[in-house]
Amino acid sequence: MKITVVGSGYVGLVSGACLAEVGNDVLCLDVDPEKIRILEGGGIPIHEPGLEDMVRRNMAAGRLSFTTDIEQAVRHGTVQFIAVGTPPDEDGSADLQYVLAAARNIGRLMTDYKVVVDKSTVPVGTGARVKAALQEELARRGVDIPFAVVSNPEFLKEGAAVEDFMRPDRIIVGAEDEQAILLMRALYAPFQRNHERLIVTDVNSAELTKYAANAMLATRISFMNELANLAEALGADIEMVRQGIGSDPRIGYHFLYPGCGYGGSCFPKDVKALIRTAEDAAGISLKVLSAVEAANEAQKHLLTSKIRRRFGDLTGKHFALWGLAFKPDTDDMREAPSRALIADLFAAGATITAYDPVAMIEARRIFGHEPRLAYAEQPMQALTGADALIIVTEWKAFRSPDFAAIKETLNHPVIFDGRNLYDPKRVRGMGIEYVAIGR
């Protein structure tokens, strides 16, 4: 099948590469010539395990190509995936200007039947707006060319996106056009050979499903964070509580790990957008999600409070920071808890030496030549001259450190663990002061 993917960022590139992997002829469009130059040179502009090899393999096979030519892209694919960014506006709503611009370009240039697929995370009602944009462009041209609009939200976890696309839990297709549904079934058949995973809904339901899924997961995280804070105040251990409630099959263990808050490109943005959609489109106040958002913002500053309680005035203090990305296996620092912590420590007069396996390039881009922030080439190097170690990302490389070396290197043998990586008894038994979340 000939497929065009509009937008070669995180979602678009993963989708395009995986669709090419099963034999489709995929053309990825992006208006950023530098990004296309990197991709055509065999590189990728993001960190995602397994993606670079897949992109190179399918480019070499002639199934995956890249362009900045909008006309070529519209001409190429019967199926046109829109996978552009939907950044939050100042009021928290999703900014649809890039989605609608992509739709208008398709309407302006299409000459035969197209299935236009919203892959971007968009608020309920976007499908209707995309359809209207296409119709307006066709009317302006004075032509009547058939098309269908489909909602096909992505459910990709950063750090496991290739695996998620190739072996999906579910494939949501929101559509009313029977020909479009048949095309989508054919397109996704290679990804569900052992049992049916494709669920057909109306467009609005598909759009809401994506927001609902991320909002539910964010709710579990904020609930556990608040429970961890309560456990700590009551002298309970949140890890024991987690095991106790997670063993209930109605609850399960997923997303029950307390920490220093969630971040990334999805949860914060989607929670805000769903709250705004409810208010604007339905006049409904989503009280639970508003609390989820407020709890998460507070949680991002929890480690700062713990550090202040331990050290008092932080002027002149120097800290080692392990982890910059919002989660492991990605270099994404959007809304990352590390950014809130760094800002807090800077405001308090402290300095930092940070280490992250892949996100230090991104950190340098964000912070520039910030004299209060240095970077270490190895985790242990960050500890030299530091008053304490702070952990904010649960990279595997941090799970079994040399605690004796940590104690020896730090000015004060103190670890502030924002991800509860270690057994408190073991760490404290080695003479290290261990401050975690709810333990």
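Anyway, here's the lowdown on the structure attached to this text.

Definitions and cut-offs
Per-chain numbering applies: the sequence of each chain, read as written, is numbered from 1 onward. Given that this is a predicted model, residues contribute local features only at a pLDDT of at least 70 and side-chain atom pairs are listed and counted only at 80 or more, while totals for whole chains, interfaces and linings are drawn from all residues. As a rule here, side-chain values cover all heavy atoms of the structure and leave hydrogens and water aside. The helix count covers DSSP runs of H or I at least four residues long, the strand count covers runs of E at least two residues long, and both are numbered beginning at the N terminus. Put simply, the radius of gyration uses C-alpha atoms, and a globule should come to 2.2 Å times the residue count raised to 0.38. Using a 1.4 Å probe on the protein chains alone, a residue whose accessible area is under 20% of its type maximum counts as buried, one over 50% counts as exposed, and one in between counts as partly exposed. When a carboxyl oxygen of Asp or Glu is within 4 Å of a side-chain nitrogen of Lys or Arg, the pair counts as a salt bridge. The span you would expect from a helix comes to 1.5 Å times its residue count less one. The contact definition used throughout considers only heavy atoms, calling two residues in contact when any of these lie within 4.5 Å. Any two strands are treated as partners once DSSP identifies two or more bridges connecting them. With the strands aimed away from the viewer, a crossover counts as right-handed if its path from the first strand over the helix to the second runs clockwise. Pairs of cysteine sulfur atoms within 2.5 Å are what we label disulfides. Under this scheme, a helix contributes an axis fitted over its contacting stretch, all axes are lines through C-alpha atoms, and angles between N-to-C directions fall in the 0 to 180 degree range. Crossing chirality is assigned from the near helix's rotation relative to the far helix, an anticlockwise turn below a right angle marking it left-handed and a clockwise turn marking it right-handed. We call a set of buried Ala, Val, Leu, Ile, Met, Phe, Trp, Tyr and Cys residues a nonpolar core when their side-chain atoms join them within 4.5 Å. Whenever a nitrogen or oxygen atom comes within 3.5 Å of another N or O atom, the pair is scored as a polar contact, on the condition that within protein one atom can donate a hydrogen and the other can accept it, and that pairs from neighbouring residues in sequence are kept only if both atoms are in side chains.

**A short note on the overall build of the protein chain**
The helix and strand tally for the protein chain stands at 17 helices and 14 strands. The C-alpha radius of gyration computed for the protein chain amounts to 24 Å, which stays within 12% of the reference 22 Å derived for 439 residues, consistent with globular compactness. Judged by the C-alpha coordinates and their principal axes, the protein chain covers about 75 × 45 × 45 Å. A total of 439 residues make up the protein chain; the buried ones form 54% of that total.

**Description of the pattern of salt bridges**
Tallied over the entire structure, the rule returns 27 salt bridges. Among the salt bridges present, the one from Glu 137 reaches Arg 140, with a minimum N-O distance of 2.7 Å. One end of the pair is Glu 137 and the other is Arg 140, both in helix H6 (residues 126-141) and 3 residues apart, which spans about a single turn. A relative accessible area of 9% places Glu 137 in the buried class. The exposure class of Arg 140 is exposed, given its relative accessible area of 58%. The salt bridge involving Asp 248 is made with Arg 250; its shortest N-O contact spans 2.7 Å. Taking relative accessible area as the criterion, Asp 248 reaches 18% and is therefore assigned buried. For Arg 250, a relative accessible area of 73% translates into the label exposed. A cluster of three or more residues bridged by salt bridges with shared partners is formed by Asp 91, Arg 276, Glu 279 and Asp 280.

**Looking at helix H12 (residues 287-299)**
Across its 13 residues, H12 extends 18 Å between first and last C-alpha, which sits within 8% of the 18 Å expected from 1.5 Å per residue. Buried positions along H12 lie against helix H9 (203-234), helix H11 (267-282) and helix H13 (302-311).

**Side note on the pairing of strand S6 (residues 147-151)**
For a regular strand, side-chain orientation follows a simple rule: the groups alternate between the two sheet faces. Here S6 lies mainly inside the structure; 5 of its 5 residues are buried. Side-chain alternation along S6 places Phe 147, Val 149 and Ser 151 on one buried face and Ala 148 and Val 150 on a second face that is also buried. The pairing of strand S5 (residues 114-118) with S6 spans 5 bridges and is classified as parallel. Bridge pairing in S6 links Val 116 to Val 149. The β-α-β motif built from S5, the intervening H6 and the parallel element S6 has right-handed crossover chirality.

**Things to note about the state of the cysteines**
Each disulfide is one covalent bond, formed between the sulfur atoms of two cysteines. In the structure shown here, the tally under the stated rule is 0 disulfides. For the unlinked cysteine Cys 18, the closest cysteine sulfur is that of Cys 28, found at 11 Å. Judged by its relative accessible area of 0%, Cys 18 is buried.

**Here's the deal with the sheet that holds strand S12 (residues 388-391)**
Taking strand neighbours across the sheet as the criterion, the 6 strands line up as S11-S10-S9-S12-S13-S14 in an open arrangement whose pairing is parallel. Looking along the sheet, the strands with just one partner apiece sit at the ends: strand S11 (373-375) and strand S14 (433-435). Each strand axis lies, on average, 20° off the axis of its neighbour in the sheet, ignoring direction. Relative to S12, strand S9 (residues 318-322) is paired through 4 bridges, and the arrangement is parallel. Counted as the bridge partner of Trp 322 is Ile 391 from S12.

**Focus: the packing of helix H5 (residues 97-109) against H6**
Contact geometry for H5 and H6: axes closest at 8 Å, N-to-C directions at 35°. Crossing of H5 against H6: the hand is right-handed. For the pair H5 and H6, the contacting residues are Val 99, Leu 100, Ala 103, Arg 104, Ile 106, Gly 107, Arg 108 and Leu 109 in the first and Thr 126, Arg 129, Val 130, Ala 133, Leu 134, Glu 137, Leu 138 and Arg 141 in the second.

**Re the nonpolar core**
Within the largest apolar cluster, 58 residues are counted, with the highest numbers of intra-cluster contacts made by Trp 322, Leu 324 and Ile 390. The contact partners of Ile 390, leaving out residues within four places of it in the chain, are Leu 303, Ile 307, Phe 319, Ala 320, Leu 321, Trp 322, Leu 341, Leu 345 and Phe 416. Ile 3, Tyr 10, Phe 165 and Leu 198 belong to the second-largest nonpolar core, a separate cluster that totals 43 residues.

**Focus: the side chain of Thr 86**
Of note, Thr 86 is situated in the loop between strand S4 (79-82) and H5. Of the polar contacts made by the side chain of Thr 86, one reaches the backbone oxygen of Thr 121; its length is 3.0 Å. Polar side-chain contacts of Thr 86 include one of 3.3 Å to the side chain of Lys 269. In contact with Thr 86, other than residues within four places in its own chain, are Ala 94, Asp 95, Leu 96, Val 99, Ser 120, Thr 121, Val 122 and Lys 269.

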